[in-house]
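Each chain, letter by letter, is given below.
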Amino acid sequence: MKTIVPKADTIEQKWYLVDAENQVLGRLASQIAYVVKGKHKVIYTPHLDTGDHVVVINAEKIRLTGRKLLKKQTTRYTGYPGGLRIRNVSKQLHEKPETVLQHAVKGMLPKNHLGRKLFRKVRIYTGPEHPHRAQNPEALPSQLRKA
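Residues numbered from 1 in each chain as written. Predicted model: local features only at pLDDT ≥ 70, side-chain atom pairs only at ≥ 80, totals over all residues. Heavy atoms only, no water.

Student: Looking at this model, I keep getting lost on helix H1 (residues 25-37). Mind explaining?
Tutor: Helical geometry: 3.6 residues make up each α-helical turn, so side chains three or four residues apart lie on a common side. Here H1 is 13 residues long and its end C-alpha atoms lie 18 Å apart, about the 18 Å a rise of 1.5 Å per residue gives. Of the positions making up H1, those classed as buried are Leu25, Leu28, Ala29, Gln31, Ile32, Ala33, Val35 and Val36. Once H1 finishes, glycine 38 follows within two positions and takes phi at roughly 95 degrees, a positive value. (Helix = DSSP H or I, 4+ residues; strand = E, 2+ residues; numbered from the N terminus. Expected span 1.5 Å × (residues − 1). Buried < 20%, exposed > 50% of the residue type's maximum accessible area, 1.4 Å probe, protein only.)

Spelled out as structure tokens, the structure:
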């Protein structure tokens, strides 16, 4: 038996559209990461970019379960003494809702050059409009959503 490694020019990449309205943050982020990595394809190879592009709309209507809206915090350090910035997720959802989903998806991708390349294939928008109509994104199939 030979192991088949797909070539970069033979990999077909699709565009998927995901509506984040009333979706749970962690579950949606894991499904997006699954599709972006390409794990839903037969030709999945861990060290190659075999995944698809994902466009997410209505990021401001995402749902968090339990008391995460009040308790969950994101931290950022400026590099200066006393520069630790702590922010509540509820405040972040109010000001820049797409960053909450970006942070969740980025945490589920590999922490290397490939992960940064894969993250560029995720596009998140707050409203129902997006500028990717020309790519004809299709709705993410239900069998991929259960992953």
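Moving on from the model shown.
Student: Whenever I open this one, helix H4 (residues 97-107) confuses me. Can you help?
Tutor: For H4, every residue scored as buried is listed here: Pro97, Glu98, Thr99, Val100, Leu101, Ala104 and Val105. The elements touched by buried residues of H4 are H1, strand S2 (53-57), helix H3 (89-95), helix H5 (113-119) and strand S5 (122-124). (Contact = heavy atoms within 4.5 Å.)

Student: Just checking my understanding: could you explain the environment of threonine 50 for this structure?
Tutor: Checked against the element boundaries, threonine 50 lands in the loop between H1 and S2. Distance from threonine 50 to glycine 127, taken between C-alpha atoms, is 28 Å for residues 77 residues apart in sequence. Ignoring anything within four residues of it in the chain, the contact list for threonine 50 reads Pro6, Ile11, Lys37, Gly38, Lys41, Ile43, Tyr44 and Thr45.

Student: Mind showing me how you'd approach the packing of H1 against H4 here?
Tutor: To describe two helices that pack against each other, one gives the angle between their axes and the distance between the axes. H4 packs onto H1 with a crossing angle of 55 degrees between their chain directions and a minimal axis gap of 9 Å. Classified by the angle their axes make, H1 and H4 are oblique. Once H1 is placed against H4, the crossing between them reads as right-handed. Along its contact with H1, which presents Leu25, Leu28, Ala29 and Ile32, the element H4 presents Val100, Leu101, Ala104 and Val105. Here the contact of H1 with H4 is composed, by residue class, of eight nonpolar, no polar and no charged. (Axes fitted to C-alpha atoms, helices over the stretch in contact; angles between N-to-C directions. Parallel < 35°, antiparallel > 145°, perpendicular 65-115°, else oblique. Left-handed = near helix turned anticlockwise from the far one by under 90°. Nonpolar A, V, L, I, M, F, W, Y, C, P; charged D, E, K, R; others polar.)

Read these as spatial facts, not as claims about activity.
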